[in-house]
Amino acid sequence: MKEPAEPGLEDIVKVIRQCLAEGLTIDIEAVGSLRTDEKGQIRFRPAGGKRVFLAYTIEDAAFVETLFQALEDAGFHPWMDRRKLLPGQNWPKAIERAISKADFFVPCFSQHALSRPSRFHAELRYALERAAEWPLEYPFVIPVRLEDCPLPRQITAQLQYIDLFPEPAAGLRKLLSTIRAMSPSAS
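This is a predicted model, so every value here is computed, not measured. (Residues numbered from 1 in each chain as written. Predicted model: local features only at pLDDT ≥ 70, side-chain atom pairs only at ≥ 80, totals over all residues. Heavy atoms only, no water.)

Caption draft 1: The state of the cysteines, seen in detail. One pass over the full model with this rule turns up zero disulfides. The cysteine C149 is free of any disulfide, with C108 supplying the nearest cysteine sulfur at 11 Å. The class of C149 is buried, set by a relative accessible area of 3%. (Disulfide = S-S within 2.5 Å. Buried < 20%, exposed > 50% of the residue type's maximum accessible area, 1.4 Å probe, protein only.)

Caption draft 2: Quick look at the layout of surface pockets. Taken as a whole, the second largest pocket holds about 440 Å³ of empty space. Along the wall of the second largest pocket there are 20 residues; nearest its centre are Y138, P139, V141, Q158 and L159. Mapped onto the lining of the second largest pocket, the elements with two or more residues apiece are helix 6 (119-131) and helix 8 (168-181). (1 Å grid on protein atoms, 1.4 Å probe; cavity = no way out; pocket = protein on both sides within 12 Å on 5 of 7 lines; lining within 4 Å. Points joined across faces, edges and corners; volume = space filled by probe spheres on them. Helix = DSSP H or I, 4+ residues; strand = E, 2+ residues; numbered from the N terminus.)

Caption draft 3: Geometry of the pattern of salt bridges. One pass over the full model with this rule turns up nine salt bridges. In this structure, R43 engages D37 in a salt bridge whose closest nitrogen and oxygen atoms are separated by 2.9 Å. Residue D37 is classed as buried on the basis of its relative accessible area, which comes to 12%. A salt bridge links R51 to D103, with the nearest nitrogen and oxygen atoms 3.3 Å apart. Placement of R51 in strand 4 (residues 51-55) and of D103 in the loop between helix 4 (91-101) and strand 6 (104-109) is noted, with a sequence separation of 52 residues between them. Through salt bridges that share partners, E65, R82 and R83 make up one connected network. (Salt bridge = Lys/Arg side-chain N within 4 Å of Asp/Glu carboxyl O.)

Okay, here's the thing in structure tokens:
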């Protein structure tokens, strides 16, 4: 039986083009990212901005997509599974790695996020464990509320949160200024 040939440069370029055509962003760790702009042109953004992991439930994906875009437009490197995972990628490992590499973890709370078991809760627990590695005054976890909903006691007992309602623009400004103001001591 003949073994399959290893992928060559042409194969890699084909996969990259396909992913970009589907609207995905291709991240090359410590180098930068490739994405297609609104005119269909491939753009490269060098690495260097703060990495922001966005945790959410599927019902809130549309709102989080706009948050992703606002963070990216502000020069940060947001991470959202729908935008960053590639076909065939081991998504649980990729998510854990992205949280581990993030400078900030932004859990997006809503009634949907709080009403049922989901990966959102697993991601939040992992991020809270990781937050223990950071200096106490560093806000690794920055909770945001997408709507009026009660936050878990473990969050409100230790962390200040940001409301992205009823004035999303004001909440977004607060989030962006918080991220800009903080400089991670280790990445």
